[in-house]
Amino acid sequence: KGADFALPEARALTDWPLPGGTPEQAVEHVQAAPAFEIAWRRGVGEGSGRGRQVTAPPVAAGGRIFTMDGEATIVASDAQSGGQVWRVNLQPREGRDRSAFGGGVAYADGTLYVASGFRFVAALDAATGAVKWRTPVDAPIHAAPTVSAGQVFVVSTDNVLNAFDVRTGTQTWEYQA
């Protein structure tokens, strides 16, 4: 009582580049659609099932929605029509990982960054899906990456915070929590 409350003016939010919205994890007062209706519905890959789990929320940027399915297939869809723009399967064909849990995607500066429970971090050209770099890691990645200040940050399932250079994928440091 007696305290003023001010809500900033609502504004349209067309991009949602990280699962939390923005690197600051604050999206303020988002202008909602006048009526909530389903614009389109499309399948984007393998759902959760035995040996695979979908834990990656979608992100949106530049008129596209980016998703990752339970088998590390990344799909870029047109935000208006839902049509598939490109599809890339990043699941390892060889090695010890037959199934994976965790990971996610994040967008920054025309690049889609992928962290995977299949023990890798990658960067894809957001326009074409071409792999720019792919770096193996020691443990599965727990959640989606965060991209800020020229670094890609991921946390592995063994609680190690890893940082990678956005241009090269070279690991720049790690911290064991």
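Criteria and cut-off values
- Residues numbered from 1 in each chain as written.
- Predicted model: local features only at pLDDT ≥ 70, side-chain atom pairs only at ≥ 80, totals over all residues.
- Heavy atoms only, no water.
- Pairing = 2+ DSSP bridges.
- Helix = DSSP H or I, 4+ residues; strand = E, 2+ residues; numbered from the N terminus.
- Axes fitted to C-alpha atoms, helices over the stretch in contact; angles between N-to-C directions.
- Buried < 20%, exposed > 50% of the residue type's maximum accessible area, 1.4 Å probe, protein only.
- Salt bridge = Lys/Arg side-chain N within 4 Å of Asp/Glu carboxyl O.
- Core = buried A, V, L, I, M, F, W, Y, C linked by side-chain atoms within 4.5 Å.
- Contact = heavy atoms within 4.5 Å.

Engineer: Give a description of the sheet that holds strand β8 (residues 131–136) that names residues and reports values.
Structural biologist: Taken together, the four strands give an open sheet; going across it, the order is β5-β6-β7-β8, and neighbouring strands pair in antiparallel fashion. Every other strand in the sheet has two partners, leaving β5 (103–108) and β8 as the edge strands with one partner each. This sheet shows a mean twist of 15 degrees between the axes of neighbouring strands, independent of strand direction. Judged from the five bridges that link them, strand β7 (residues 120–125) and β8 form a sheet pairing that is antiparallel. Bridging from a neighbouring strand, Leu-124 pairs with Val-131 of β8.

Engineer: Hey, could you go over the pairing of strand β11 (residues 160–165) for me, with residue numbers and the actual values?
Structural biologist: Consecutive residues of a regular strand have side chains that alternate between opposite faces of the sheet. Here β11 lies mainly inside the structure; five of its six residues are buried. Where strand β10 (residues 151–155) and β11 come together, five bridges link them in antiparallel fashion. Across the sheet, residue Phe-153 finds its bridge partner in β11, namely Ala-163. Turn length for the β10-β11 hairpin, with the two strands adjacent in sequence and antiparallel, is four residues, and the turn residue Asn-159 shows positive phi of about 65 degrees. Here β11 runs beside strand β12 (residues 171–176); their pairing, made up of five bridges, is antiparallel. Note that in β12 the partner of Asn-162 across the bridge is Glu-174. Remark: five residues form the turn of the hairpin made by β11 and β12, two consecutive strands paired antiparallel; Gly-169 in that turn has positive phi of roughly 80 degrees.

Engineer: A description of the pattern of salt bridges should follow, citing residues and the corresponding values.
Structural biologist: In total, this model carries one salt bridge according to the counting rule given. The salt bridge involving Arg-167 is made with Asp-165; its shortest N-O contact spans 2.8 Å. Note on Arg-167: relative accessible area 66%, which makes it exposed.

Engineer: Give a description of the nonpolar core that names residues and reports values.
Structural biologist: Ranked by internal contacts, the top residues of the largest apolar core, which has 18 residues, are Ile-74, Trp-86, Leu-90, Leu-112 and Val-114. Of all the elements in the fold, those that place two or more residues in this core are β2 (64–68), β3 (73–78), β4 (84–89), β6 (111–116) and β7. With three residues, β7 is the single largest residue contributor to this core. Ignoring anything within four residues of it in the chain, the contact list for Leu-90 reads Ala-72, Ile-74, Val-114, Phe-120, Ala-122, Leu-124, Val-131 and Arg-134. With 15 residues, the next largest nonpolar core counts Tyr-113, Ala-115, Trp-133 and Val-137 among its residues.

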